[in-house]
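Read off the chains here:
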Amino acid sequence: MKKFEDLGLNPKLLKAVSRLKYENPTPVQEQSIPPILAGKHVVACAQTGTGKTAAFVLPTIQSITRSSRKKPVPHALVVVPTRELATQVEKVAKVAAQPYEYKVRSVVGGIKYKPQLERLSRGVDVLVATPGRLLDLTDDKQIDLSQIQILILDEADRMLDMGFWPPIKKILNMIPRDSQKLLFSATIGSEINKMVGAHMKNSVKVEIARKGETAQHIIQSCMPVEHSQKADLLLALLSRRSTGKTLIFTRTKRRANMLARILSKNKIKCQAIHGDRSQSQRTRALKDFTTNRIDILVTTDVMARGIHVDNIDTVINYDTPVSPEDYVHRIGRTGRAGQKGDAITFVAPEEMLALRDIEFLMKEVIPAVDLEDFPYREGRTIPSEKRLAVKEKPKPFQHRSRKKSSRPRNRRR
Ligand code: AMP
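Computed from a predicted structure; not experimentally measured.

1. Thoughts on the pairing of strand β10 (residues 270-273)
Of the two faces of β10, the one carrying Cys-270 and Ala-272 and the one carrying Gln-271 and Ile-273 are both buried. A crossover connection joins β10 to the parallel strand β11 (residues 296-299) through helix α12 (residues 279-290); in handedness this β-α-β unit is right-handed.

2. Looking at the sheet that holds strand β1 (residues 42-45)
Taken in spatial order, the 7 strands make up an open sheet running β3-β4-β2-β5-β6-β1-β7, and their pairing is parallel. Two strands close off the open sheet at either side, each with one partner strand: β3 (104-107) and β7 (204-207). Averaged over all neighbouring strand pairs, the angle between strand axes comes to 15°, with direction disregarded. Bridge count between strand β2 (residues 76-79) and strand β5 (residues 150-154): 4 bridges; the pairing is parallel. Of the residues in β5, the one forming a bridge with Val-78 is Ile-152. Sheet strands touched by helix α2 (residues 27-37): β1, β6 (180-185) and β7. Its angle to β6, the strand with the most contacts, is close to 165°. Of the strands in this sheet, β2, β3, β4 (126-129) and β5 are in contact with helix α4 (residues 83-97), which crosses β3 at around 170°.

3. Side note on the packing of aromatic side chains
Enumeration over the complete set of coordinates arrives at 4 aromatic pairs. Centre to centre, the rings of Phe-56 and Phe-184 are 5.2 Å apart; their planes meet at 55°, and the pair counts as tilted. In this pair, Phe-56 sits in helix α3 (residues 52-63) while Phe-184 sits in strand β6, placing the two residues 128 residues apart along the sequence. Between Lys-12 and the ring centre of Tyr-100, over which it is positioned, the NZ or CZ distance is 4.6 Å.

4. What to know about the pattern of salt bridges
All chains considered together, the criterion is met by 12 salt bridges. Between Glu-226 and Arg-377 there is a salt bridge; the shortest N-O distance is 3.6 Å. Separated by 151 residues along the polypeptide, Glu-226 in the loop between β8 (218-224) and α10 (230-240) and Arg-377 in the loop between α15 (352-362) and α16 (384-388) bring together distant segments of the chain. Residue Glu-226 is classed as partly exposed on the basis of its relative accessible area of 22%.

5. Digging into the sheet that holds β8
Strands sit in the order β8-β13-β12-β9-β11-β10 across an open sheet of 6 strands; the sheet is parallel. Of all strands in the sheet, those bounded by a partner on one side alone are β8 and β10. Across the sheet, the mean angle from the axis of one strand to that of its neighbour is 20°, orientation sign disregarded. Pairing of strand β9 (residues 246-249) with strand β12 (residues 314-317) involves 4 bridges; the strand directions are parallel. Bridge pairing in β12 places Leu-247 opposite Val-315. Contacting β9, β10 and β11, helix α11 (residues 253-265) runs over the sheet at an angle of about 175° to β10.

6. Section: α10
For α10, the tally of buried residues reaches 8 of 11 residues, placing the bulk of the element in the interior. On its buried face, α10 sits against β8, β9, α11, β11, β12 and β13 (341-347).

The rules behind each value
Residues numbered from 1 in each chain as written. Predicted model: local features only at pLDDT ≥ 70, side-chain atom pairs only at ≥ 80, totals over all residues. Heavy atoms only, no water. Buried < 20%, exposed > 50% of the residue type's maximum accessible area, 1.4 Å probe, protein only. Helix = DSSP H or I, 4+ residues; strand = E, 2+ residues; numbered from the N terminus. Right-handed = clockwise from strand over helix to strand, strands pointing away. Pairing = 2+ DSSP bridges. Axes fitted to C-alpha atoms, helices over the stretch in contact; angles between N-to-C directions. Contact = heavy atoms within 4.5 Å. Phe/Tyr/Trp six-rings, centres within 6.5 Å; stacked < 30°, edge-to-face > 60°. Lys NZ or Arg CZ within 6 Å of the ring centre and 35° of its normal. Salt bridge = Lys/Arg side-chain N within 4 Å of Asp/Glu carboxyl O.

Here is the structure:
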């Protein structure tokens, strides 16, 4: 195993590494840092929690050079799908940038425009941005992207899912053609490959986990249960097992709110965090969760990417994710950087096909477990012969990331 000293990082960045308390590089860092320092485009297929933020932040800080302008304009641009992820990247970038006295700023949607403008007016070397707000600012001529030396697209698959591809194409046309580009994504499909072919010729490919592969130290299981018994099962599970710091995923914001209410009524301290909550509510909820004031956070998929909390012990999929890629992202919130994690998925009979889609992508069967003495209703069991046939591609099952079919949508959920 290589050490950070072997990757070409200079003493200033090595100091930043020790301030971040990293001892040895993770595989994505080991494989990405040298080609990034060599000025190559890098396309990294790395699942969440692998240490990808530092993998692009450290060499980027070392590689950019400030032009002689009085007020610095951005030389590195990190585009991320969510505000929370922007905060996470900004935090690591600030530590890395400190020895250079580079200014790291973030601009994100959903919070006031003016204070962001004021901070920008004081100069910026490294800009972290969500696509929509960035375009607003470039349209208003508040940000000049003509000096960008390195562009990073972080969690590119999620940006694609969230409909951010058109703004990203615009951004790609605003930065210098010869700028270095880095793309990090948990999954790399045809749309991303097309973009790589057009804008990132001769890129170095870094593949840490194959598509759908999850960290080995995550213990996965599924719990077959009827839809109407999910809340009772969750309450029973939480009362019997110590699940530690727990992230619970629901399919919709409404269900997240509903579940948080049920848990609170049962005297379980928790909060819901999703797109309908204000930025200050989200920040407060995340802070309470990070500082252990609450042990349970209920959330939705869109939020999942941005949540950066260390030491999450358990991820509970209250609803089986419809997209198998979402499953990978959800459970990737636990078991980060080599720690152990539990991932439990509630599966109602009507979610069976979604589970099979997941198992097909992961190329493994997720063991089904029962909570002892729970008064399960008849009919919730998943026949094992259905579950075991993961070698076959599941029967057509429509989900967001698949091409639209001309046939009417299969209304399963
Ligand atoms: P990321 O994939 O960037 O979201 O990082 C996941 C987690 O791994 C974060 O909590 C980081 O602080 C942590 N991390 C990143 N690099 C290392 C490293 N080399 N050693 C230990 N922890 C790390």
